[in-house]
Amino acid sequence: AIYEITASTKNMTDLDLPVGLEKFRSKLEPTVKPYVKIQTRFTRETTLWQSKFAGFPYLPKSFDYPTTPEGEYLHLLAQINFDEVPNLAGFPTTGILQFYIARDGMYGLDFENPTNQSNFRVLYFPELERNEDSLITDFDFLPTLWDYDK
């Protein structure tokens, strides 16, 4: 399943607080930051550079597909194209940010060293190449969900 991402900027000036936290409103409201609200829509097809959850990633041919140290391919968890996202201060306005995870019981998490990107990967491509001839377009090398049942 591929989920296309639609993003919009939200500014939380009127917090909807539970009754128990209402007494802290004056302390909480100044700490609230603008955020991007992500809405998903199931689709069968997305472009390689489109924001999405799952599916095939944007990946230049000059770049190796992310793997674990054992050589197992990581799975695209999410891809955010900043050209499609409303501008937020401190975030890029262009480029693609990707999150990959391993198909292990912890999805790549390492409690001993949480920034160790052995079984997960975070990639950022600041410049987009929209010529598909320069991108990986054949992902037949990736295992499917059915391959894991063997």
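Residues numbered from 1 in each chain as written. Predicted model: local features only at pLDDT ≥ 70, side-chain atom pairs only at ≥ 80, totals over all residues. Heavy atoms only, no water.

J.: Account for unusual backbone geometry, naming residues and giving values.
T.: At A54, a residue that is not glycine, the phi angle is positive and equals roughly 70°. Position of A54 among the secondary structure elements: in the loop between β3 (52-53) and β4 (75-81). Phi is positive for Y107, which is not a glycine, with a value near 55°. Following the sequence through the fold, Y107 ends up in the loop between β5 (96-101) and β6 (120-125). (Helix = DSSP H or I, 4+ residues; strand = E, 2+ residues; numbered from the N terminus.)

J.: Describe the side chain of Q98, naming the residues involved and giving the relevant values.
T.: Tracing the backbone shows Q98 in strand β5. For Q98, a relative accessible area of 0% translates into the label buried. One polar contact links Q98 to Y100, side chain to side chain, over a distance of 3.0 Å. Here Q98 is in contact with P57, Y58, L59, L76, A78, Q79, R121, V122, L123 and F125, once residues within four sequence places are set aside. (Buried < 20%, exposed > 50% of the residue type's maximum accessible area, 1.4 Å probe, protein only. Polar contact = N/O pair within 3.5 Å; in protein donor to acceptor, adjacent residues only side chain to side chain. Contact = heavy atoms within 4.5 Å.)

J.: So what's going on with the side chain of K52? Residues and values would help.
T.: In this fold, K52 is placed in strand β3. In this structure K52 is buried but unpaired, with E84 as the nearest side chain of opposite charge at 8.8 Å. At 3.1 Å, the side chain of K52 and the side chain of T46 are in polar contact. Within the structure, the side chain of K52 is placed 2.7 Å from the backbone oxygen of F56, a separation counted as a polar contact. (Lys, Arg positive; Asp, Glu negative; His and termini not counted. Salt bridge = Lys/Arg side-chain N within 4 Å of Asp/Glu carboxyl O.)

J.: Quick one: what's the story with the pattern of salt bridges, residue by residue and with numbers?
T.: The final tally for this structure, using the stated rule, is three salt bridges. Salt-bridge contacts for E29 lead to R25; the nearest nitrogen and oxygen are separated by 2.8 Å. Judged by its relative accessible area of 29%, E29 is partly exposed. Here the salt bridges do not stand alone but share partners, grouping E22, R25 and E29 into one network.

J.: Which residues make up the pairing of β5, and what values do they have?
T.: For β5, a buried count of five out of six residues is recorded, marking the element as mostly surrounded by other parts of the structure. Of the pairings in the sheet, the one linking β4 to β5 comprises six bridges and is antiparallel in character. Within the sheet, the bridge partner assigned to Q79 lies in β5 and is Q98. Looking at chain direction, β5 and β6 are connected through six bridges and run antiparallel. Considered in β6, the bridge of I96 is made with F125. (Pairing = 2+ DSSP bridges.)

J.: With reference to specific residues and values, describe the nonpolar core.
T.: Where a protein is soluble and globular, its nonpolar side chains tend to be buried together. In this structure, W49, Y58, L59, Y65, Y100 and F139 are the most contacted members of the largest nonpolar core, which totals 16 residues. For this core, the secondary-structure elements that each account for two or more residues are β5 and β6. Those residues in contact with Y65 that lie beyond four places of it in its chain are P57, L59, Y73, L74, H75, L76, Y100, F139, F141 and L142. (Core = buried A, V, L, I, M, F, W, Y, C linked by side-chain atoms within 4.5 Å.)

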